[in-house]
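Coordinates in review
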Amino acid sequence: MGQKIILLGEDDMEVSEMYKIAFEKGGFRVIQAFNGEEVIKKAKEEAIDIILLDINMPKKDGFDVLKDIAKDETLYITLKNVPILMLSNYSNPQDIEFCMKNGAQDFIIKAEWDPDSIIKRIKRHLKME
Ligand SMILES: [Mg+2]
């Protein structure tokens, strides 16, 4: 099995770098996107295996990214088997419910999860363990 590719949509550069280093140590390739538009663009360009998606981001937020994917038939089909894991500090039940009903497979509250736990969650979604 080749190296799995994570598309990491996170606008905070330091946070993004922190996760990137941790995920690379965990054996993944990481493609960074720093706003919602970049997430959409890179999801179209690269053969990614999983998306980690922040909500609060410039240009398009994580909610808009989910809506855009649902509206774009080609992209929707491309990402049919690509799990989307929200990675956010938004934690109110309505936000979580919105994401889970609109294409996300999981919702990770950033503050509660260390990178190693997130890797475990990623591997579970990719059926790697
Ligand atoms: Mg953010």
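Below or above, wherever it landed, is the structure these notes cover. Computed from a predicted structure; not experimentally measured.

1. A look at the sheet that holds strand 1 (residues 5–9)
Taking strand neighbours across the sheet as the criterion, the five strands line up as 2-1-3-4-5 in an open arrangement whose pairing is parallel. This sheet does not close on itself; its edge strands, each paired only once, are strand 2 (29–33) and strand 5 (106–109). When the angles between neighbouring strand axes are averaged without regard to direction, this sheet yields 20 degrees. Summarising the sheet, strand 1 and strand 2 pair through five bridges and their orientation is parallel. If you follow Gly9 over to strand 2, its bridge partner there is Ala33.

2. Focus: the pairing of strand 3 (residues 50–53)
Residues Ile50 and Leu52 of strand 3 are buried on one face, and the alternating residues Ile51 and Leu53, pointing to the opposite face, are buried as well. Where strand 1 meets strand 3, four bridges bridge the pair, whose relative direction is parallel. Its bridge partner being in strand 3, Leu7 is matched across the sheet by Ile51. The sheet contact formed by strand 3 and strand 4 (residues 84–88) spans three bridges and is parallel. Within the sheet, the bridge partner assigned to Ile51 lies in strand 4 and is Ile84.

How each quantity is defined
- Residues numbered from 1 in each chain as written.
- Predicted model: local features only at pLDDT ≥ 70, side-chain atom pairs only at ≥ 80, totals over all residues.
- Pairing = 2+ DSSP bridges.
- Helix = DSSP H or I, 4+ residues; strand = E, 2+ residues; numbered from the N terminus.
- Axes fitted to C-alpha atoms, helices over the stretch in contact; angles between N-to-C directions.
- Buried ≥ 20, exposed ≤ 12 C-beta atoms within 10 Å, placed from the backbone.

Shape is all these values report; function is a separate question.
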